[in-house]
Amino acid sequence: VPEGLLPTVTLSLALATQRMARRNALVRRLSSVETLGETTVICTDKTGTLTENEMTVERVWTPDRGWFDIEGAGYEPFGRFRQNGHVADPRALGELLRCALLCNDARLAPGPNGFEAVGDPTEAALVVLAEKGGLRHEHEAALRPRLTEIPFDSDRKRMTTVHLVDGGRIAYTKGAPELVIRRTTLGAEEQETALAAAEEMERAALRVLAFACRIVSDDDADDEDSERELELLGLVGMLDPPRPEVAEAIARCRAAGVRVLMVTGDSGYTAEAVARRIGLVRDGVHVIGPDDLDSLDDDGLRGRLAERDVIFARISAGQK
């Protein structure tokens, strides 16, 4: 082996990374340049990769008061609530806003260019919503201090916090609509109405969370028993706009013969709406959910991928 081979190969790879950097591609390992040249499929997450990961709550639905539209954008906590085109009093959504604020680990902080999110962007958007409605975290947390938390994870797809209030305990839960709604005391027809409202927002490319609460006893304050027989407070739909450069990047991948697949934890309707906006899918979209994925062997999965444009939705971290 010529002793000059190693520095020659290293230099050629370094030059390749420089050329890629000039085209806005950063390379962590030199060997990945070779791998990239052989790539035929890219599996990508949606939130924060294809989208900006800067959520803004645009719509709210409650079982008793119907639809509300929320003004404002980004993390600025200013904006009016509207219902049927008229300015509405946000106090009508008091307990929903309180649940969104307290079942939450994010905060807002002033920055050089306005308010910034400290924590998860989805939770920060909920803080913004509550503050638009006149609630402040310090005040609400003092009135209803948190006792315990059942954290969110990608399998449960929900989070619950238990708070002390007037000598008793109340559990606030937020999570995927299809999971939270089925745990409420709503009748079958009312549940279908709530699920239809969630689907309407998801088809408009909004990310939807359901919010619920329940008075709990000391015995079930710190386990999943607090997440049963819930009272549905409402649904919140958040817009996470696509990154402006994504549509062109996908078109370039397709022109180069590279297939791009979206693999997301969001609902199929939301994922499909975003995918259509960025040109990732066209007609004949097939959404593969977590149960479908678990039931397929390798050959079955290859067959499904060959059928048409495919989106993987509600996929857990382990499945990713």
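Please refer to the structure higher up on the page.
Cut-offs and rules
Residues numbered from 1 in each chain as written. Predicted model: local features only at pLDDT ≥ 70, side-chain atom pairs only at ≥ 80, totals over all residues. Heavy atoms only, no water. Helix = DSSP H or I, 4+ residues; strand = E, 2+ residues; numbered from the N terminus. Buried < 20%, exposed > 50% of the residue type's maximum accessible area, 1.4 Å probe, protein only. Areas by Shrake-Rupley, 256 points an atom, 1.4 Å probe, with all protein chains shown as cover. Core = buried A, V, L, I, M, F, W, Y, C linked by side-chain atoms within 4.5 Å. Contact = heavy atoms within 4.5 Å. Salt bridge = Lys/Arg side-chain N within 4 Å of Asp/Glu carboxyl O. Pairing = 2+ DSSP bridges. Axes fitted to C-alpha atoms, helices over the stretch in contact; angles between N-to-C directions. Disulfide = S-S within 2.5 Å. Patch = residues over 30% accessible without salt bridge, like charges linked within 9 Å, V, L, I, M, F, W, Y side chains within 5 Å. Parallel < 35°, antiparallel > 145°, perpendicular 65-115°, else oblique. Left-handed = near helix turned anticlockwise from the far one by under 90°. Nonpolar A, V, L, I, M, F, W, Y, C, P; charged D, E, K, R; others polar. Polar contact = N/O pair within 3.5 Å; in protein donor to acceptor, adjacent residues only side chain to side chain.

**Side note on the overall build of the protein chain**
- When you go through the protein chain residue by residue, the secondary structure sums to 11 helices and 15 strands.
- Seen through its principal axes, the protein chain has C-alpha atoms that stretch 80 × 50 × 45 Å.
- The buried share among the 320 residues of the protein chain stands at 44%.
- When the accessible surface of the protein chain is summed, it comes to about 16,800 Å², and 50% of that surface belongs to carbon and sulfur atoms.

**Here's the deal with the nonpolar core**
- Grouped together as the largest cluster of nonpolar side chains are 36 residues, with contacts concentrated most on V57, V60, L126, L129, F211, V236 and M238.
- At 7 residues, helix α4 (residues 121-132) tops the list of elements feeding residues into this core.
- In contact with L129, not counting residues within four places along its chain, are V57, V60, I70, F81, L97 and V236.
- Core analysis: the next-biggest nonpolar cluster, separate from the first, contains 17 residues, W61, M201, A212 and L230 among them.

**Quick word on the pattern of salt bridges**
- Taken as a whole, this structure holds 24 salt bridges when the rule is applied.
- For E227, the salt bridge goes to R156, with nearest N and O atoms at 2.9 Å. You can see E227 sitting in the loop between β11 (206-216) and β12 (231-239) and its partner R156 sitting in the loop between β8 (146-150) and β9 (158-165), a full 71 residues away along the chain.
- Residue R156 is classed as buried on the basis of its relative accessible area of 11%.

**Notes on the sheet that holds strand β10 (residues 168-175)**
- Taking strand neighbours across the sheet as the criterion, the 9 strands line up as β5-β4-β3-β2-β12-β11-β10-β9-β8 in an open arrangement whose pairing is antiparallel. Unpaired on one side and paired on the other, β5 (86-88) and β8 mark the two borders of the sheet. Neighbouring strand axes in the sheet, compared pairwise and without regard to direction, differ in orientation by 25° on average.
- Judged from the 4 bridges that link them, β8 and β9 form a sheet pairing that is antiparallel. Residue R146 lies in a different strand from β9, and its bridge partner there is H163.
- Taken strand by strand, helix α3 (residues 94-102) contacts β2 (56-62), β4 (81-83), β8, β9, β10, β11 and β12, and its axis lies near 80° from that of β10.
- Those strands touched by helix α7 (residues 188-203) are β2, β3 (66-70), β11 and β12, and its axis lies near 10° from that of β12.

**Details of the state of the cysteines**
- The final tally for this structure, using the stated rule, is 0 disulfides.
- The cysteine C43 is free of any disulfide, with C253 supplying the nearest cysteine sulfur at 12 Å.
- With relative accessibility at 55%, the residue C43 sits in the exposed group.
- Free of any disulfide, C99 has its nearest neighbouring cysteine sulfur in C103, separated by 5.4 Å.

**With respect to the pairing of strand β6 (residues 107-111)**
- Sheet analysis places β6 next to strand β7 (residues 114-118), joined by 5 bridges and oriented antiparallel. The residue bridging R107 from the neighbouring strand is V118, located in β7.
- What sits between β6 and β7 in their antiparallel hairpin is a turn of 2 residues.

**A few points about a nonpolar patch on the surface**
- On the surface, V1, L5 and V9 cluster together into a nonpolar patch covering about 320 Å² of accessible area.
- Mapped onto the elements of the fold, V9 is located in helix α1 (residues 5-21).
- Judged by its relative accessible area of 38%, V9 falls in the partly exposed class.

**As for the packing of α7 against helix α9 (residues 268-277)**
- For the pair α7 and α9, interaxial distance at closest approach is 7 Å and the crossing angle is 20°. When the axes of α7 and α9 are compared, the pair comes out roughly parallel. The chirality of how α7 crosses α9 is right-handed. Where α7 abuts α9, its residues E199, E202 and R203 lie against Y269, T270 and A273.
- The residue makeup of the contact of α7 with α9, split by class, is 2 nonpolar, 1 polar and 3 charged.

**Some details on the packing of α3 against α4**
- As a packed pair, α3 and α4 sit with axes 8 Å apart at the nearest point and diverge in direction by 140°. Relative to α4, the element α3 lies oblique. By crossing handedness, the relation of α3 to α4 is classed as left-handed. In contact with L97, A100 and L101 of α3, α4 contributes L126, V127, L129 and A130.

**Looking at the side chain of T56**
- Tracing the sequence through the fold places T56 in strand β2.
- A relative accessible area of 10% places T56 in the buried class.
- In this structure the side chain of T56 is engaged in a polar contact, spanning 3.0 Å, whose partner is the backbone nitrogen of G74.
- Excluding residues that lie within four positions of it along the chain, T56 makes contacts with G72, A73, G74, A125, G237, M238 and L239.

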